[in-house]
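# Coordinates in review
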Amino acid sequence: MDPRADFRACARCRRFKKRCVYVPGGCERCEKSGHPCSLVPFNGAANDPSATSLLDQFINISETSLMDLEEDNRWNQDDCTRIIPATLQDEDEGDAPVVSNDSRTVIPVLELITNAAEAPLADHAQESSGVTGEIEDRDLFPTIEDWMLVHNVETEGGSVSPINFLYDSDNMLKTFFQLPPVFRMIRCALSSLEDPLQQHRALQYYSRTRKAVFRAIHERPTYQTVQGLCLLCFFASIMGQPHIGRPFLKITLTLIKTMQLDIDPDECPWLLNLTPRQKEDRRRAFWGPYWMLMMENAISNDPIPMMDINATRIKSPTAVVFNQCPIFETVYIARPHCQMLDLIAAIKKHHTFAPASIEQIFASESFVGLSSRLLSIHSQIPPDYLLLSDSPDSLTDSDCARFDFQLSSLGIYEKSSAFWINTEILIANSVLNRPVLYLSALESCHPMFLSTQRTNVIVNAINQSLDAALRVLNLVKFFLGAGQMYRPNQMDLYPILESVVVVWFVACKMKAVWWTLLNRSGGGRELGLVDSLLRERLSQTAEFVAKFAESAEGQLDVGTTGPIRICIEAMIKEIDGHGEEVGDLAIQEIVLGMKVVSLGESDTSISATAEPKAFLGLLGQQVGLIKWPGRGEESWALFWKLYS
């Protein structure tokens, strides 16, 4: 007969709400940790778990936040190896996905919650930890409300199967209560952003996430920790504060290198036991941060060191289907998308400082190499992803119908990526040609002073830059009317700024003589380039940018939005012939800066002013009295002044 039959859980296991597993002389947990074990006599049916109703057990699980996860994330003091829950070691491929579409059985939400809540109890019952006595921070407790918040967003209220580009959404919902707190809290923060009225709640989750980061520093990392830190960087970016996300991104890159996430799981012998689904989840833990790194370096004047991290040894994101339900979608353009951002960063670096002479702009060897890279990346993008209107000057109904047809064959996240990859292709070409475009404003580069070859070089740069800018504005108009297909965020402002810069320069700065050589209708501001359709697009663009001008704390023009909004509105005023109004605002020059605030803090005062983020900026030009700060802007301003 089992000696434990007359006893309930020992005092220590009851204190920490752990399952008590009997061994001779006490229980397994106390024996492992070296603590004395005191078995408590069993007092009858009142204490028998079988006598407790399922509803009472569920309520108890919910109220106690399931269990003390702090102990389970500690190191084993005997063999210095982390105790990993069984469900994280070997995924049960027999489980059905959390939610299915209308053609499949939909599991009741109550059952989903019960399964997610009880999973940690079964898993952690097998664990033994040598560290006790610490209590989990209540801010990091997983709750049913957190799970419901994330579930409703991931499944659109239970109507679709959960799927996400960055991680295994189905498995995340199943193991929600076991996830690293960093992952759980920041996913709740992002879910709260889906409701514009819940931004304050999102910032509260963000504050709890930062606390979880400090805890994670002292724990052995997992690839889910990397995914959580990546989401933290993404949250800071869409809140208009990418400067705040930089430290977390640097930590993420260090973990990627340490954990060798930049090596494909198929090439790692120690990962051969992983299922295809787990391998793909690990790949996504690389691609998310890698994309964030490429974006940050493309918009920043202070790029983050690459740490020898690249995508040469990792496979592209591929589709995974389990039990006829999609777990991951294939994202064909993930690799060329990152390559395009890397190219923009290289172009930005090439334009860091002005050349010694105009001759060097015409005879730049780097320009040729960068142009070849652009053509090579462009050739890798499937035709279905390229959204090109018949004419750059307008967006017709037939264009919109064709775009809708092309996007209908793409996955959920591929549709969102289509906007970015198309605008970035166009912007890369535009910023590459920017110095040559600006030569059209110099008296010293009047066509009568140049050879036919160099005149054609400038004409080609003007046409390519202007076409790219107008096509980007066409795409902005299309995607703003695309409903749920695309949800705009603050990172969309970077290509918009570069497009308006080109339109403003051609309309207000370029010498009129160049219009006679362009072989296109219209002219400068006085000759009707800015027709009613373009004015409408510029007006829509200004309204779109203004939506992001106010932060969740009610502050105006904080983060990336501030300098971009001010600059775009000033350029549109000058295009409309009201540029002098900009000059009336101040006697001295206005140097734009990015206001950095602490997200989620009770004190939301401006903590610092940093250089604004942009793919390129104004490259030494001024809009009225407005100057764009940045590395090399002063040298370019002196260059244009010298050769004017």
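To start, this report covers the structure provided alongside it. Here the structure is a predicted model, which is why all the values come from computation and not from measurement.

When you go through the protein chain residue by residue, the secondary structure sums to 25 helices and 11 strands. The proportion of buried residues among the 644 residues of the protein chain is 54%. For the protein chain, long-range pairs separated by at least 24 residues make up 76% of all intrachain contacts whose partners lie at least 6 apart in sequence. Surface accessibility of the protein chain: about 28,200 Å² in total, with carbon and sulfur atoms responsible for 54%.

Moving on, we get to the nonpolar core. Core analysis: the largest hydrophobic core is formed by 154 residues, its most contacted members being Phe235, Leu439, Ile458, Leu497, Ile568 and Met571. Each residue touching isoleucine 568, except ones within four places of it in the same chain, is listed here: Ile496, Leu497, Val500 and Val545.

Attention shifts here to unusual backbone geometry. Even without glycine at this site, methionine 307 takes up a positive phi of about 55°. Counting through the fold element by element, methionine 307 comes out in the loop between α13 (276-299) and β5 (320-322). Relative accessible area serves as the criterion here: at 35%, methionine 307 is assigned to the partly exposed category. Positioned with a positive phi, asparagine 323 is a non-glycine residue whose angle comes to about 55°. You can see asparagine 323 is positioned in the loop between β5 and β6 (325-328). By relative accessible area, asparagine 323 is classed as partly exposed at 42%.

Applying the stated criterion across every chain yields a total of 18 aromatic pairs. Ring geometry for tyrosine 494 versus phenylalanine 615: centroids 5.9 Å apart, planes at 55°, classification tilted. Of this pair, tyrosine 494 sits in helix α21 (residues 493-508) while phenylalanine 615 is found in the loop between β9 (608-610) and β10 (622-623), placing the two residues 121 residues apart along the sequence. An identical accessibility class is assigned to tyrosine 494 and phenylalanine 615; each is buried. Ring centres of phenylalanine 639 and tryptophan 640 lie 5.1 Å apart, and the angle between their planes is 80°; on these two criteria the pair is classed as edge-to-face.

All right, on to the pattern of salt bridges then. Opposite charge on two side chains makes pairing possible when the charged atoms of those side chains draw close. One pass over the full model with this rule turns up 24 salt bridges. A salt bridge links arginine 277 to aspartate 168; the shortest N-O distance between them is 2.6 Å. A residue pair is termed long-range when its members are at least 10 positions apart, and arginine 277 in helix α13 and aspartate 168 in the loop between α7 (144-154) and α8 (169-174) qualify at 109 residues. With respect to burial, arginine 277 and aspartate 168 carry one shared label: buried. Each of Asp264, Asp266, Lys279, Glu280, Arg283, Arg284 and Lys315 takes part in salt bridges that share partners, so that together they form one network.

Before going further, it helps to examine helix α25 (residues 633-643). Inspection of α25 places Glu633, Trp636, Phe639 and Trp640 among the buried residues, and these make up the whole buried set. The arc enclosing the buried residues of α25, seen along the axis, measures out at 120°, which places them on a common side. Turned more than 90 degrees from where α25 packs its buried face, Leu638, Lys641 and Leu642 sit exposed. Where α25 is buried, its residues meet α15 (358-362) and α19 (434-438).

With that out of the way, let us pick up empty space enclosed by the protein. In total, this model carries 5 cavities of 30 Å³ or more according to the counting rule given. If you go around the largest cavity, the residues you meet are Cys233, Ser237, Pro242, Gly245, Arg246, Leu249, Met292, Met295, Glu296, Ile299, Met491 and Tyr494. Among the elements of the structure, α11 (223-238), α12 (242-259) and α13 are those that each provide at least two residues to the lining of the largest cavity. Partitioning the lining of the largest cavity into residue classes produces 8 nonpolar, 2 polar and 2 charged.

Examined against the element boundaries, asparagine 297 turns out to sit in helix α13. Under the relative-accessibility criterion, asparagine 297 is labelled buried at 9%. There is a polar contact of 2.7 Å between the side chain of asparagine 297 and the backbone nitrogen of isoleucine 304. Setting aside its immediate chain neighbours within four residues, asparagine 297 contacts Pro303, Ile304, Met306, Ala345 and Lys348.

Rules used in this analysis
- Residues numbered from 1 in each chain as written.
- Predicted model: local features only at pLDDT ≥ 70, side-chain atom pairs only at ≥ 80, totals over all residues.
- Heavy atoms only, no water.
- Helix = DSSP H or I, 4+ residues; strand = E, 2+ residues; numbered from the N terminus.
- Buried < 20%, exposed > 50% of the residue type's maximum accessible area, 1.4 Å probe, protein only.
- Contact = heavy atoms within 4.5 Å.
- Areas by Shrake-Rupley, 256 points an atom, 1.4 Å probe, with all protein chains shown as cover.
- Core = buried A, V, L, I, M, F, W, Y, C linked by side-chain atoms within 4.5 Å.
- Phe/Tyr/Trp six-rings, centres within 6.5 Å; stacked < 30°, edge-to-face > 60°.
- Salt bridge = Lys/Arg side-chain N within 4 Å of Asp/Glu carboxyl O.
- Arc of directions from axis to C-beta.
- 1 Å grid on protein atoms, 1.4 Å probe; cavity = no way out; pocket = protein on both sides within 12 Å on 5 of 7 lines; lining within 4 Å.
- Points joined across faces, edges and corners; volume = space filled by probe spheres on them.
- Nonpolar A, V, L, I, M, F, W, Y, C, P; charged D, E, K, R; others polar.
- Polar contact = N/O pair within 3.5 Å; in protein donor to acceptor, adjacent residues only side chain to side chain.

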